[in-house]
Amino acid sequence: MQFNSLHFLFFLPIVTIFYYLLKNKWRWILLFLASTYFYSVFFLPYILILYAIILIDYTTGLLLDKWQNKTLRVTLLLVSITSNLGLLAYFKYYNFFVDVFAPYYNNLHPIEIILPIGLSFHTFQSLSYIIEVYKRKQVAEKHIGYFANYVLFFPQMIAGPIERFSHLGNQFRLKHKFKYKNISQGLRLILYGLFVKMCVADNLAPLVNSFYQAPTTYFSSSAWVALIAFSIQIYADFYGYSTIAVGAAKMLDIHLMDNFKQPYFAVNLKEFWQRWHISLSTWFRDYVFIPLGGSKVNTLRWIINIIIVFGLSGFWHGANYTFIIWGLLHATFYLLEALYHKIRPTTFTTSKTISFLGIILTFLLTTFIWVFFRSPNLTIAKQVILQCFQYSFEATKQVHLPVSQMAMVLLFIIFEFLLIKNRFDVFLQSKNTHIRWVFYIILSVSILLFSGIQSFQFIYFQF
């Protein structure tokens, strides 16, 4: 079910009303059924995959909590990891590995596989629970309903944030009372998220799609415009989803983490990854980077750790060489920045001018690296890069963004500056009623009049 659909417009209020009408001890059933329905709208049979993940990791968690023998506990952990990553490997990476090894094994052939929506998110979230229980940092959840809702919770089950059980799972036990504040703040976030998705991301999508279908037919200046357009599109698309997710959960008095902190205001790549897709960054930090030794190793080993983390992060996003290169490019520039910051004087970092230049350079760098993220293959990526730096005799087109759509992008940028210190719901809470309604009207009218003609699926659903 898409957040930006009439289906969801009716679904969420109905779930919210019944949620508060039911006694607390029965609410887990409502959330479980609602989440099952929410996911089944996409493709009903694949709900069984999520049920399998739930049963495997619920049982594994109980046994890890009970057993003391180290060998048995390690075996259980490996069973869970293998089961989760095995499902992910089959659905998401099978054909990729077939392409890699087919020249060496004649009996390998690609098969048609429909990737379950959001499988990478479910897998990583459930794995974080198992790892924490194994480390005895988390007590195993004995109520299968609460654990199921941790994996299935519909506001964030498709594209995150990737929550830890200690934060999200334990909230299902609490007695949630109806509070007008939660409803109003939740609706504000949903309204703003819909604006960001429908008026910004969906308006830029046709321009970006057209360019990447035939990049050599566009002039060099248009190529740069298209690159910047995608940089804004993917942020608006994922940020819009995450904002709606937080808002929908807020209406049920359940609090999700903020997954973004205005990453395009980052002064370097390190800060960018502290602001962009925070839940994924912290997942790789806690379950890959630190177990590899983190920063408490010699320089060469630290460099290798950084390359591994970024390489895996790229591969997590998709079974394509383009994603791997995207991740490794981030690793390369991350390491170069680290070297630069190590040798430059400390006082140099305090300059506001340098900070401003850092923001501009980081945005341009991430925008350029997005080329590999967006390109369907390396050939298109190469064409896009060449088109940015050379004149092509094939070029006949220029990108065109109508004035109304440009106005939506500009309005979004203005909002980004207004929201530097506070999230949208908190920002409005500090304003009087008249000012709040001005914002409501501006956002509502924008959605009604200037949202994209075509509705596009959220980009991160494919991951």
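Residues numbered from 1 in each chain as written. Predicted model: local features only at pLDDT ≥ 70, side-chain atom pairs only at ≥ 80, totals over all residues. Heavy atoms only, no water.

Draft legend 1. Expanded view of the overall build of the protein chain. Within the protein chain one finds 17 helices and zero strands. Taken against the 2.2 N^0.38 rule, which gives 23 Å for 463 residues, the C-alpha radius of gyration of the protein chain at 23 Å falls within 12% of a compact globule. Seen through its principal axes, the protein chain has C-alpha atoms that stretch 65 × 65 × 55 Å. With 463 residues in all, the protein chain has 53% of them scored as buried. For the protein chain, restricting intrachain contacts to residue pairs at least 6 apart in sequence, the fraction spanning at least 24 positions comes to 77%. Summed over all atoms, the accessible surface of the protein chain reaches about 22,100 Å², with 68% contributed by carbon and sulfur. Between the centroid of the 36 positive side chains of the protein chain and the centroid of its 17 negative side chains there is a distance of 9 Å. (Helix = DSSP H or I, 4+ residues; strand = E, 2+ residues; numbered from the N terminus. Rg over C-alpha atoms; globule rule 2.2 N^0.38 Å. Buried < 20%, exposed > 50% of the residue type's maximum accessible area, 1.4 Å probe, protein only. Contact = heavy atoms within 4.5 Å. Areas by Shrake-Rupley, 256 points an atom, 1.4 Å probe, with all protein chains shown as cover. Lys, Arg positive; Asp, Glu negative; His and termini not counted. Charge placed at Lys NZ, Arg CZ, Asp CG, Glu CD.)

Draft legend 2. Looking closely at helix α1 (residues 6-21). End to end, α1 covers 23 Å across 16 residues, agreeing with the expected 22 Å (1.5 Å per residue, within 8%). Among the residues making up α1, those that are buried are Phe8, Phe11, Leu12, Val15, Thr16, Tyr19 and Tyr20. Projected onto a plane normal to the axis of α1, the buried residues spread over an arc of 140° and lie on a single side. In α1, the exposed positions angled more than 90 degrees off the buried face are occupied by Leu6, Leu9, Phe10, Ile17 and Leu21. Its buried side turned inward, α1 meets α2 (27-40), α7 (180-213) and α8 (220-251). (Expected span 1.5 Å × (residues − 1). Arc of directions from axis to C-beta.)

Draft legend 3. Quick look at the pattern of salt bridges. Tallied over the entire structure, the rule returns eight salt bridges. In this structure, a network of salt bridges that share partners links the residues Arg164, Arg285 and Asp286. (Salt bridge = Lys/Arg side-chain N within 4 Å of Asp/Glu carboxyl O.)

Draft legend 4. Expanded view of the packing of helix α5 (residues 119-134) against helix α6 (residues 144-152). Remark: α5 packs on α6, axes separated minimally by 9 Å, with the N-to-C direction vectors making an angle of 140°. It follows from the interaxial angle that α5 and α6 lie oblique. Residues His122, Gln125, Ser126, Ser128 and Tyr129 of α5 form the contact with α6, whose own contacting residues are Phe147, Tyr150 and Val151. Taken together, the residues of the contact of α5 with α6 break down into four nonpolar, four polar and no charged. (Axes fitted to C-alpha atoms, helices over the stretch in contact; angles between N-to-C directions. Parallel < 35°, antiparallel > 145°, perpendicular 65-115°, else oblique. Nonpolar A, V, L, I, M, F, W, Y, C, P; charged D, E, K, R; others polar.)

Draft legend 5. The arrangement of the side chain of aspartate 286 in detail. Take aspartate 286: it is sitting in helix α10 (residues 278-289). Residues in contact with aspartate 286, not counting those within four places in the same chain, are Lys135, Arg164 and Pro291.

Draft legend 6. Structural detail: the environment of alanine 407. Its location among the elements puts alanine 407 in helix α15 (residues 403-418). Using a relative accessible area of 35% as the deciding quantity, one classes alanine 407 as partly exposed. The spatial distance from the C-alpha of alanine 407 to the C-alpha of valine 200 is 9.5 Å, given a sequence separation of 207 residues.

Draft legend 7. The arrangement of α2 in detail. In this model α2 runs 20 Å from its N-terminal to its C-terminal C-alpha over 14 residues, within 8% of the 20 Å that 1.5 Å per residue would give. For α2, every residue scored as buried is listed here: Arg27, Leu30, Leu31, Ala34, Ser35, Thr36, Phe38, Tyr39 and Ser40. If you follow the buried residues of α2, they end up packed against α1, α3 (47-66), α5 and α6.

Draft legend 8. Region of interest: the packing of α7 against α15. It is the contact of α7 with α15, at a shortest axis distance of 9 Å, that shows an interaxial angle of 135°. As judged from the angle between their axes, α7 and α15 are oblique. Here α7 and α15 pass one another in a crossing that is left-handed. On α15, the residues that touch Tyr192, Phe195, Val196, Cys199, Val200, Asn203 and Leu204 of α7 are Gln405, Met408, Val409, Leu411, Phe412, Phe415 and Glu416. (Left-handed = near helix turned anticlockwise from the far one by under 90°.)

Draft legend 9. Inspection of the nonpolar core at higher detail. Phe8, Phe154, Tyr192, Phe195, Trp276, Phe412 and Tyr460 are the most contacted members of the largest nonpolar core, which totals 146 residues. Sorting elements by how many residues they give to this core places α8 first, with 18 residues. Here tyrosine 192 is in contact with Tyr239, Thr243, Phe412, Phe415, Glu416, Leu419, Phe424 and Leu443, once residues within four sequence places are set aside. (Core = buried A, V, L, I, M, F, W, Y, C linked by side-chain atoms within 4.5 Å.)

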